Amino acid sequence: PGQPQPGSQRTGPTACPLTIAAMQSTLPPTPPPPPAPATTDWKTRQMIQASGWPLAAELLAPGADFNTAQGEDSGLVPLHWACRHGKAGLLAHMLAHGADVLGHPQGGLGLLALTLESGHYQSVMMVIDQLKTVGCPPPPEALQQRLTKAFSTGHTNARNRLSQTLKDWQRIHKAAKPPKTA
């Protein structure tokens with residue numbers, strides 16, 4: 001048992017006169033893998049995939065235009081989508097790679113209002129910090145009240161940070177010197 005009987009047929013890898021190498025040489029060549037997307041960083045690809053972005057990840061690669069509608073007939077603007085859905089990781093990625101917070105049709109404060117709709121504190125604070133950095137004027141009182149109300153039941157530290165950030169924004173704007181005209 002277990003040993004082939006004399007004169008019996010052999011089975012298994014040695015039964016065929018062709019070797020595995022010979023069989024592989026008759027197969028057509030394997031096509032090369034598709035080119036890697038522009039976002040070769042594994043962490044970035046994972047973040048984009050996890051965000052639920054509905055279009056191709058390449059549209060969010062560093063250097064992509066985050067302020068222009070993408071996809072055929074979708075009209076989907078990556079920066080606006082990330083803000084509206086409170087995608088803080090994706091938003092941070094876009095801001096770090098050149099997204100223009102003033103590129104919203106209603107300006108930076110329109111983008112802030114859009115981000116506020118998400119109810120995501122971290123995303124709102126990122127947009128506020130970026131707007132302060134580019135010299136956007138602080139939001140009108142009505143938007144400031146909406147911001148305060150939206151996060152009034154959050155953690156005390158978050159409420160305090162928002163309040164202080166809005167005060168700092170007012171102070172920075174008042175201290176800014178108007179641009180000189182020729």
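Residues numbered from 1 in each chain as written. Predicted model: local features only at pLDDT ≥ 70, side-chain atom pairs only at ≥ 80, totals over all residues. Heavy atoms only, no water.

Draft legend 1. Structural context of the overall build of the protein chain. In terms of helices and strands, the protein chain carries eight helices and zero strands. Secondary structure elements in the protein chain, listed N-terminal to C-terminal, are α-α-α-α-α-α-α-α. Buried positions account for 31% of the 182 residues belonging to the protein chain. Restricting to contacts in the protein chain with at least 6 residues of sequence separation, those with at least 24 account for 56%. (Helix = DSSP H or I, 4+ residues; strand = E, 2+ residues; numbered from the N terminus. Buried < 20%, exposed > 50% of the residue type's maximum accessible area, 1.4 Å probe, protein only. Contact = heavy atoms within 4.5 Å.)

Draft legend 2. Highlighting the side chain of Q144. Residue position: Q144 is located in helix α7 (residues 141-150). On the basis of relative accessible area, Q144 is assigned to the buried category, the value being 12%. Setting aside residues no more than four positions away along its own chain, Q144 makes contact with P138, P139, L166 and Q170.

Draft legend 3. Fine view of the packing of helix α5 (residues 107-118) against helix α6 (residues 121-133). With their axes 9 Å apart at the nearest point, α5 and α6 run at an angle of 170 degrees to one another. Here α5 lies roughly antiparallel to α6, going by the angle between them. Residues G108, L111, L112, T115 and L116 of α5 form the contact with α6, whose participating residues are S123, V124, V127, I128 and L131. (Axes fitted to C-alpha atoms, helices over the stretch in contact; angles between N-to-C directions. Parallel < 35°, antiparallel > 145°, perpendicular 65-115°, else oblique.)

Draft legend 4. Local environment of α7. Of the residues making up α7, those classed as buried are L143, Q144 and L147. For α7, the angular spread of the buried residues around the axis is 105 degrees, confining them to a single face. In α7, the exposed residues that point more than 90 degrees away from the buried face are E141, A142 and K149. Contacts from the buried residues of α7 go to α5, α6 and α8 (156-175). (Arc of directions from axis to C-beta.)

Draft legend 5. Quick look at the packing of aromatic side chains. For the coordinates displayed, the defined rule picks out one aromatic pair. Centroid distance Y121 to F151: 5.4 Å. Interplanar angle 80 degrees. Geometry classified as edge-to-face. Taken together, the residues Y121 in helix α6 and F151 in the loop between α7 and α8 connect sequence positions 30 residues apart. As far as the burial class goes, Y121 and F151 line up, both buried. (Phe/Tyr/Trp six-rings, centres within 6.5 Å; stacked < 30°, edge-to-face > 60°.)

Draft legend 6. Up close: the nonpolar core. Counting 36 residues, the largest nonpolar core has L79, M94, L112, I128, L147 and L162 as its most contacted members. Elements that contribute at least two residues to this core include exactly α3 (78-84), α4 (88-96), α5, α6, α7 and α8. With seven residues, the single largest contributor to this core is α6. L112 has contacts with V124, V127, I128, L131, P139, L143, L147 and W169, leaving out every residue within four places of it along the chain. (Core = buried A, V, L, I, M, F, W, Y, C linked by side-chain atoms within 4.5 Å.)

Draft legend 7. Representation of α6 in the model. An ideal rise of 1.5 Å per residue puts 18 Å on 13 residues; α6 measures up with 18 Å between its terminal C-alpha atoms. For α6, the full list of buried residues reads Y121, S123, V124, M125, M126, V127, I128 and L131. Of the surrounding secondary structure, the elements contacted by the buried residues of α6 are α3, α4, α5, α7 and α8. Following α6 by one or two positions, G135 adopts a phi angle in the positive range, close to 85 degrees. (Expected span 1.5 Å × (residues − 1).)

Draft legend 8. Layout of the side chain of S123. When you line up the elements, S123 lands in helix α6. Looking at S123, the relative accessible area reads 0%, which means it is buried. In this structure the side chain of S123 is engaged in a polar contact, spanning 2.9 Å, whose partner is the side chain of H120. Residues within four places of S123 in sequence aside, it is in contact with G86, K87, A88, L91 and T115. (Polar contact = N/O pair within 3.5 Å; in protein donor to acceptor, adjacent residues only side chain to side chain.)

In short, shape yes, function no, at least from these values alone.
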